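So you can see what is in the structure, the chains are spelled out below.
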Amino acid sequence: MTTLSPRRPLDSLPSATRLGPLGRLARVTFRHRGRTVLAWLAALVVAVLLAMTMGGDFRADYSAPGSDSQEAQTLLEDRFPSQAGDTVDVVVRADGGVQERQQAVRDLLADLGTVDHVEAVSDPFEDLAGISQDGTTLVAQLRLDVENPVDMPREDSEQMLDIADDASSSGFQVGLGGQSIVQAEQGEIGSEGLGLAAAAIILLITFGSVVAAGLPIIMAVAGLAVSSTLTTVVISFVDAPDWSTSLATMMGIGIGIDYALLMVTRFREWRAAGLDPEAATVA
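Residues numbered from 1 in each chain as written. Predicted model: local features only at pLDDT ≥ 70, side-chain atom pairs only at ≥ 80, totals over all residues. Heavy atoms only, no water.

1. Quick word on the pattern of salt bridges
(1) Moving on: Following the criterion strictly, the structure yields 4 salt bridges and no others.
(2) Moving on: Linking R154 and E158 is a salt bridge whose minimum nitrogen-to-oxygen distance equals 3.0 Å. Here E158 and R154 lie together in helix α5 (residues 154-167), a separation of 4 residues that amounts to about one turn.
(3) Moving on: Relative accessible area serves as the criterion here: at 32%, R154 is assigned to the partly exposed category.
(4) Moving on: Between R266 and E269 there is a salt bridge whose closest N-O contact spans 3.3 Å. Of the two residues, R266 and E269 both sit in helix α9 (residues 244-273), 3 residues apart, roughly one turn of that helix. (Salt bridge = Lys/Arg side-chain N within 4 Å of Asp/Glu carboxyl O. Helix = DSSP H or I, 4+ residues; strand = E, 2+ residues; numbered from the N terminus. Buried < 20%, exposed > 50% of the residue type's maximum accessible area, 1.4 Å probe, protein only.)

2. Concerning the packing of helix α8 (residues 210-234) against α9
Two numbers describe a pair of packed helices, the interaxial angle and the distance between the axes.
(1) Moving on: Their axes nearest at 8 Å, the elements α8 and α9 cross at an angle of 145°. In terms of crossing hand, the pair formed by α8 and α9 is right-handed. Between α8 and α9, the contacting residues are A212, L215, P216, I217, M219, A220, L224 and T231 on the first element and T245, A248, T249, G252, I253, G256, I257, A260, L261, M263, V264 and R268 on the second.
(2) Moving on: By residue class, the composition of the contact of α8 with α9 is 14 nonpolar, 5 polar and 1 charged. (Axes fitted to C-alpha atoms, helices over the stretch in contact; angles between N-to-C directions. Left-handed = near helix turned anticlockwise from the far one by under 90°. Contact = heavy atoms within 4.5 Å. Nonpolar A, V, L, I, M, F, W, Y, C, P; charged D, E, K, R; others polar.)

3. A few points about the packing of aromatic side chains
(1) Moving on: Taken as a whole and assessed by the stated rule, the structure comprises 0 aromatic pairs.
(2) Moving on: Against the face of F30 rests R33, its NZ or CZ located 4.6 Å from the ring centre. (Phe/Tyr/Trp six-rings, centres within 6.5 Å; stacked < 30°, edge-to-face > 60°. Lys NZ or Arg CZ within 6 Å of the ring centre and 35° of its normal.)

Put into structure tokens, the structure is as follows:
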């Protein structure tokens, strides 16, 4: 067994540990670490420019050709197009009874009907089945021109929520329901943010150092910043749903942090064994 002396350079190790391609790459990036960081920033800028000039839109086909449900959907689109899309439920509760607030309800539905992708609006006063027995609550439906809720632009759903909020008052409450509304109401901090926060806490407890804990996360995020930006270029040529970015991000966070953590751990072990910073990085 070879005994390592303090600050021992890598060149003094046995021949079995001579450099391979990754070791040579590590030595170059260590000696030119400023340029390496600039190269990553340049790659990010190039990725952003490509995304701005060549970026596409997420899209996916969730249909099941040949199935009974798909045949029924096709018939609806051909013969009853106004009934083929997804729906948004509009629930209104008026303290004095909805019949007394007909004009307010109709104004609300008219405003909601101006939102993009709203194909048709039902009239709850024509079908009394949509009014509760006590007369204080009614349900109306907005028929959308998109078949799947995931195809509804988030900004349009948010516009409907804003209209409902503006129409609500102490004695006149408005609520919206439906999958497209649920998607629009989801918090800005998704599972990816929670995953990063959990990883940061665990690494901080494990290493006891902000720098050692932050390096794996920074490396993972740096890789994701470039790859996720290039994703918008890829979808110009390949169909992909919008949720694919969340899946790729969680995989990138897990794999990126995992391998970065391995490298940081090995670096600390080699430093403890006596290698100088460059030799420990290469090793």
